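Chain by chain, the residues:
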Amino acid sequence: MINKILLLLYLAIAPILLFAQDDSTSAGLSKGRRIITDLDRIVTPDGIQETYQAKIGGIPQWVYARGQHKDNPVILFVHGGPASPISPVMWMFQRPIEEYFTVVNYDQRGAGRTFQATPPDSIAHTIRIDTYVDDAIELAAYIKERYQATKVILMGHSWGTIIGMKAVLKRPDLFYAYIGIGQVINTRVNEQVSFEYAVSQAEKYKNDTALAELRTIAPYPGDQPITRERIITARKWAQYYGGLSAYRSESMYFHNGPLLSPDYERKEVPSIDDGNVFTLWRVLPEFLEVDFKPVKRFPVPVFMFMGRHDYTTPSEPTAAWLKAVSAPVKKGVWFENSAHMIPWEEPGKLLVELRECLKPVVGRK
């Protein structure tokens with residue numbers, strides 16, 4: 001039950017193991033994992049492939065750096081969730097990007113393997129947005145030196161866009177550019193847009209069950225507190241109608257992806273759900289108050305990658321914010337066949353747009 005609840009929450013998309021693993025299934029997964037691990041190896045003479053712990057924010061955090069050439073520009077990818085690390089599923093989409101960029105991922109505090117590395121009680125009091133922002137800044141400075149980069153490109157997805165935006169606003173000197181994928185601008189506005197989408201789809205398809213459930217929280221969010229129960233009801237039907245992954249009512253490809261990961265041992269996969277449970281409720285009150293609408297000037301080039309069907313972090317508020325903001329360079333890119341999961345849904349277009357957007361604002365390192 002707790003896994004189902006986590007899936008339905010706003011940004012809680014922690015991987016959920018949807019099928020039982022008998023001996024034959026486990027053997028098949030192990031074989032598949034070995035094949036993917038071999039394919040995924042960086043074999044170019046000047047490539048980078050390393051996984052290590054870096055002490056960030058006073059605790060060891062797992063870092064994953066991959067790229068075909070050490071002189072390529074460096075992207076720091078800030079994953080979503082909270083506590084839904086990209087590292088166990090980056091094998092599904094990232095390899096072509098690594099031909100043009102060195103991509104650095106990390107398991108944030110309270111997430112995945114980083115969650116396993118530190119006693120949870122010792123960091124419970126640090127599960128705050130500002131702490132995550134400071135971690136991202138410290139890591140950006142660290143990888144800038146480690147990979148001899150002049151500056152770093154910051155790319156955030158979902159929950160990671162909150163951290164990413166705040167990090168750039170606090171330390172713009174570290175970054176060539178910012179890329180938001182599934183950007184959060186204002187949580188309450190997003191909630192309203194998502195709810196209205198769910199109602200419209202339920203009416204279109206005459207889904208009386210959905211309409212009855214949605215009426216129990218209407219008007220949403222309204223003037224009432226945004227409780228867990230209300231969020232769960234709203235997210236359930238928006239995601240059912242493709243608001244998480246376009247044209248799909250569920251996303252098994254993502255939730256089971258860690259089982260084939262070259263970077264996670266099978267015994268480490270449960271840490272993803274464990275970290276999500278640990279983190280989500282601690283950060284939820286702050287998350288519900290996020291509002292970037294007052295930001296009228298952005299200090300570095302900003303690119304927003306928006307899924308046309310995204311009703312997990314709806315794209316319309318992002319497009320409106322981008323139109324109004326002043327920045328050295330700005331561009332919005334629509335992904336017509338994506339919802340919230342752009343890197344998995346349209347990976348080819350993602351690579352093309354990264355190249356097109358970033359080439360004018362960043363050279364080789």
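To keep things clear, this report deals only with the structure shown in the data block.

Rules and cut-offs
- Residues numbered from 1 in each chain as written.
- Predicted model: local features only at pLDDT ≥ 70, side-chain atom pairs only at ≥ 80, totals over all residues.
- Heavy atoms only, no water.
- Helix = DSSP H or I, 4+ residues; strand = E, 2+ residues; numbered from the N terminus.
- Expected span 1.5 Å × (residues − 1).
- Buried < 20%, exposed > 50% of the residue type's maximum accessible area, 1.4 Å probe, protein only.
- Pairing = 2+ DSSP bridges.
- Phe/Tyr/Trp six-rings, centres within 6.5 Å; stacked < 30°, edge-to-face > 60°.
- Core = buried A, V, L, I, M, F, W, Y, C linked by side-chain atoms within 4.5 Å.
- Polar contact = N/O pair within 3.5 Å; in protein donor to acceptor, adjacent residues only side chain to side chain.
- Contact = heavy atoms within 4.5 Å.
- Axes fitted to C-alpha atoms, helices over the stretch in contact; angles between N-to-C directions.
- Right-handed = clockwise from strand over helix to strand, strands pointing away.

### A word on unusual backbone geometry
With an omega of 5°, the peptide bond running from Gly81 to Pro82 counts as cis. Here Pro82 shows up in the loop between strand 3 (74–78) and strand 4 (102–106). Omega for the peptide link from Ala218 to Pro219 comes to -10°, which places this bond in the cis form. Inspection of the secondary structure assignment puts Pro219 in the loop between helix 8 (208–215) and helix 9 (228–243).

### Considering helix 9
For helix 9, built from 16 residues, the straight-helix expectation of 22 Å at 1.5 Å per residue is missed by more than 12%, its first-to-last C-alpha distance being only 19 Å. For helix 9, a buried count of 12 out of 16 residues is recorded, marking the element as mostly surrounded by other parts of the structure. Turning to helix 9, its buried residues are Arg230, Ile231, Ile232, Thr233, Ala234, Arg235, Trp237, Ala238, Gln239, Tyr241, Gly242 and Gly243.

### Notes on the pairing of strand 2 (residues 59–67)
The buried count for strand 2 comes to 8 of 9 residues, which makes it a mostly enclosed element. Looking at chain direction, strand 1 (residues 48–56) and strand 2 are connected through 9 bridges and run antiparallel. Pairing of Lys55 across the sheet is with Pro60, part of strand 2. Counting the residues between successive antiparallel strands, the hairpin from strand 1 to strand 2 contains 2 residues, one of them, Gly57, with a positive phi of roughly 65°.

### Quick word on the packing of aromatic side chains
Taken as a whole and assessed by the stated rule, the structure comprises 13 aromatic pairs. A centroid spacing of 5.6 Å and a plane angle of 10° characterise the contact between Tyr205 and Tyr241, whose relative ring orientation is stacked. Within this pair, whereas Tyr205 is found in the loop between helix 7 (187–204) and helix 8, its partner Tyr241 is found in helix 9, the two being separated by 36 residues in sequence. You can call Tyr241 buried: its relative accessible area is 14%. Ring geometry for Phe298 and Trp321: centres 6.1 Å apart, planes at 85°, overall edge-to-face. Separated by 23 residues along the polypeptide, Phe298 in the loop between helix 11 (270–287) and strand 7 (302–307) and Trp321 in helix 12 (residues 315–324) bring together distant segments of the chain. Owing to a relative accessible area of 2%, Phe298 belongs among the buried residues under this scheme.

### Here's the deal with the nonpolar core
Counting residues in hydrophobic clusters, the biggest one holds 71 residues, and the most contacted among them are Leu76, Ile143, Tyr178, Phe298 and Trp321. Considering every element that reaches this core, the biggest residue donor is helix 5 (residues 129–146), with 8 residues. In this structure, Phe77, Met90, Met155 and Leu358 belong to the second largest nonpolar core, which totals 37 residues.

### Structural notes on the environment of Pro73
Residue position: Pro73 is located in the loop between strand 2 and strand 3. Residue classification places Pro73 among the buried positions, given a relative accessible area of 7%. For the pair formed by Pro73 and Thr102, sequence separation is 29 residues and the distance between their alpha carbons is 6.1 Å.

### Some remarks on the environment of Leu280
With respect to the helices and strands, the residue Leu280 is situated in helix 11. Residues Leu280 and Ile127, spaced 153 residues apart in sequence, show a C-alpha to C-alpha distance of 9.1 Å.

### Considerations on the side chain of His79
Within the fold, His79 resides in the loop between strand 3 and strand 4. Here Ser84 takes part through its backbone oxygen, which lies 3.2 Å from a polar atom of the side chain of His79. Residues contacting His79, with those up to four places away along its chain left out, are Ser84, Pro85, Ile86, Tyr106, Asp107, Gln108, Ala111, His157, Trp159 and Gly160.

### What about the sheet that holds strand 7?
Taken together, the 8 strands give an open sheet; going across it, the order is 1-2-4-3-5-6-7-8, and neighbouring strands pair in mixed fashion. In this open sheet, the two strands that pair with only one neighbour each are strand 1 and strand 8 (330–335). Taken pair by pair, the neighbouring strands of this sheet meet at an average axis angle of 20°, ignoring direction. By the bridge criterion, 4 bridges tie strand 6 (residues 175–181) to strand 7 in an arrangement that is parallel. Following the sheet pairing, Ile181 is matched in strand 7 by Phe305. Against the sheet, helix 12 contacts strand 7 and strand 8, and its axis sits at roughly 155° relative to strand 7.

### Regarding the pairing of strand 5 (residues 152–157)
Most of strand 5 is tucked away, with 6 of its 6 residues classed as buried. With burial as the criterion, each face of strand 5 is covered, one bearing Val152, Leu154 and Gly156 and the other bearing Ile153, Met155 and His157. Pairing of strand 3 with strand 5, which is carried by 4 bridges, proceeds in the parallel orientation. Note that in strand 5 the partner of Val78 across the bridge is Gly156. Pairing geometry for strand 5 and strand 6, over 6 bridges, is parallel. Pairing of Val152 across the sheet is with Phe175, part of strand 6. With respect to chirality, the unit in which strand 5 leads through helix 6 (residues 159–170) into the neighbouring parallel strand 6 is right-handed.

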